Amino acid sequence: MTDMAGTTPAVDMREINKSFGAIQALHNVNFRLMPGEILGLVGDNSAGKSTLVKILSGAYQRDSGQIFVAGKEVHFKSPQESRDMGIEMIYQDFALCGNLDVAANMFLGRWPRKGIFIDRRRMEADAEAVLDRLKVKVNSVRQRVESLSGGRQQSVAIARAISFDPKVIILDEPTANLSVMATQQLLDTMLELKSQGVAQVIISHRLQDIFEVGDRVMVLKRGAAVGERLVKDSSQDEVLRIIVQGDGAEEALSA
Ligand SMILES: Nc1ncnc2c1ncn2[C@@H]1O[C@H](COP(=O)(O)OP(=O)(O)OP(=O)(O)O)[C@@H](O)[C@H]1O
Ligand SMILES: [Mg+2]
């Protein structure tokens, strides 16, 4: 475990249950994320991955269980409450406004003002500072987002998240629609954020991405946590086997 004595987890979710009608999407799931850690969350379709992170981001509410953020128990009723505790979620569809430029998107809903006018100069300077922090280059923060490649749009979505100065970032299938180069750029950005102490959860079906940047990988199967490995002590083949067959007790039962 990355859990060193005396270190408070960035996120600690205990015995989380969640049902949608007759479907139990999560069953007594324990989930822990350490500061600066990159955790890969994997599992087959419908395993409960998105449901788990949506509970953490305040989009869904758990039926039972406890959530601690930096040691403090929380009861998020909205994404805003999760954001206020330093948690940012990045959605696959980016949720950006294509017809607005990069700077306007990054500060959407909170444009700085000077009297009755938008303070463009400050907004652009702030946008450039965040992109610098991420070591991401765009030609101009005045470029309309719809004119950017998918990878650059992803960068803008992450930059927007970073501008809230989060302690935890959740990426749900971030590389699904990205080119090889854009994927590499995203993974580099994740490592940059890690070096700045930001904890990250990445949900992905691409194990190679998780093995490239991840510290630990956790497997969900039909709503239950069925296995966990340190990336350095495991292999993609082993994790794939856990995704398909489960680990330990479950394996013994089917043997
Ligand atoms: N809002 C919802 N209403 C009803 N059922 C839902 C809802 N969200 C998720 N579910 C159900 O909960 C289960 C887990 O879904 P979830 O989206 O968490 O899976 P996932 O692991 O993210 O899968 P995928 O890899 O396909 O994204 C599925 O059976 C899904 O149909
Ligand atoms: Mg999902």
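Note that residues are indexed from 1 along each chain, following the sequence as it is written. Written order decides the labels, with chains lettered from A and ligands numbered from 1. Selection of residues for local features in this predicted model requires a pLDDT of at least 70, selection of side-chain atom pairs for listing and counting requires 80 or more, and totals for whole chains, interfaces and linings are taken over all residues. Derived side-chain values reflect all non-hydrogen atoms in the structure, with water molecules and hydrogen atoms excluded from consideration.

(A) Representation of the site of ligand 1. What surrounds ligand 1 is a group of 13 residues, the closest being N45, S46, K49, S50 and T51. N45 places a side-chain nitrogen or oxygen 2.8 Å from an oxygen atom of ligand 1. N or O atoms closer than or at 3.5 Å make up a polar contact, with two conditions inside protein: a donor-capable atom paired with an acceptor-capable one, and, for residues adjacent in sequence, both atoms drawn from side chains. At 3.1 Å from an oxygen atom of ligand 1 is found a side-chain nitrogen or oxygen belonging to H205. Using the Shrake-Rupley algorithm and a 1.4 Å probe, accessible areas are obtained, with residue cover drawn only from the displayed protein chains. Alone, ligand 1 offers 640 Å² of accessible surface; in the complex the protein occludes 65% of this. Secondary structure elements are taken from DSSP: a helix is a run of H or I of four residues or more, a strand is a run of E of two residues or more, and numbering for both begins at the N terminus. Looking at the shell around ligand 1, the elements with two or more residues in it are β2 (23-33) and α1 (49-56). Tallying contributions element by element places α1 first for the shell around ligand 1, with three residues. Gly falls in the polar group here, along with every residue not listed as nonpolar (Ala, Val, Leu, Ile, Met, Phe, Trp, Tyr, Cys, Pro) or charged (Asp, Glu, Lys, Arg). The residue makeup of the shell around ligand 1, split by class, is five nonpolar, six polar and two charged. Proximity is defined per residue: if any heavy atom of the residue lies within 4 Å of a molecule or strand, that residue is considered near it.

(B) Representation of the packing of helix α4 (residues 120-134) against helix α5 (residues 150-162) in the model. Orientation of α4 relative to α5, taken along the N-to-C sense of each, is 105°, at an axis distance of 9 Å. On the basis of the axis angle, α4 is roughly perpendicular to α5. In this structure, α4 contributes V130, L131, R133 and L134 to the contact, and α5 contributes S155, I158, A159 and I162. Per-class residue counts for the contact of α4 with α5 are six nonpolar, one polar and one charged. Lines fitted to C-alpha atoms define the axes, with helix axes restricted to the stretch in contact, and inter-axis angles between N-to-C directions lie between 0 and 180 degrees. Oblique is the label for any angle not under 35 degrees, not over 145, and not in the 65 to 115 range, which are roughly parallel, roughly antiparallel and roughly perpendicular in turn. Residues are treated as being in contact if the distance between any of their heavy atoms lies within 4.5 Å.

(C) Inspection of the sheet that holds strand β12 (residues 224-230) at higher detail. Across the sheet, six strands lie side by side as β6-β9-β10-β3-β11-β12; this open sheet has mixed pairing. Edge strands, defined here as strands with exactly one partner in the open sheet, are β6 (87-90) and β12. Within the sheet, the average angular offset between the axes of one strand and its neighbour, ignoring direction, is 20°. Bridge count between strand β11 (residues 216-221) and β12: six bridges; the pairing is antiparallel. Considered in β12, the bridge of R216 is made with L230. Packed onto the sheet, helix α8 (residues 236-245) meets β3 (38-42), β11 and β12 and runs at close to 20° relative to β11. One requirement defines pairing of two strands: DSSP has to find at least two bridges between them.

(D) Representation of α4 within the structure. For a helix, the expected span equals 1.5 Å multiplied by the number of residues minus one. With 15 residues, α4 should cover 21 Å at 1.5 Å per step; its first-to-last C-alpha distance of 21 Å lies within 8% of that length. Among all positions in α4, only M123, E124, A127, V130, L131 and L134 are buried. For α4, the buried positions fall inside an angular range of 125° around the axis, keeping them on one side. Of the exposed residues in α4, the ones pointing more than 90 degrees away from its buried face are R121 and D132. The elements touched by buried residues of α4 are α3 (102-106), β8 (117-118), α5 and α6 (180-195). Where α4 ends, the next residue or the one after it, K135, has phi of about 55°, a positive value. With a 1.4 Å probe rolled over the protein chains alone, any residue whose accessible area is under 20% of its type maximum counts as buried; one over 50% counts as exposed, and the rest are partly exposed. The reported arc concerns the directions from the helix axis to the C-beta atoms and nothing else.

(E) Main features of the sheet that holds strand β1 (residues 11-20). With antiparallel pairing, the four strands of this open sheet are ordered in space as β2-β1-β4-β5. Every other strand in the sheet has two partners, leaving β2 and β5 (72-74) as the edge strands with one partner each. Across this sheet, the average inter-strand angle for adjacent strands is 30°, counted without regard to direction. Pairing between β1 and β2: seven bridges, direction antiparallel. Bridge pairing in β2 links S19 to Q24. Running over the sheet, α1 touches β1, β2 and β4 (64-69) and is turned about 120° from β1.

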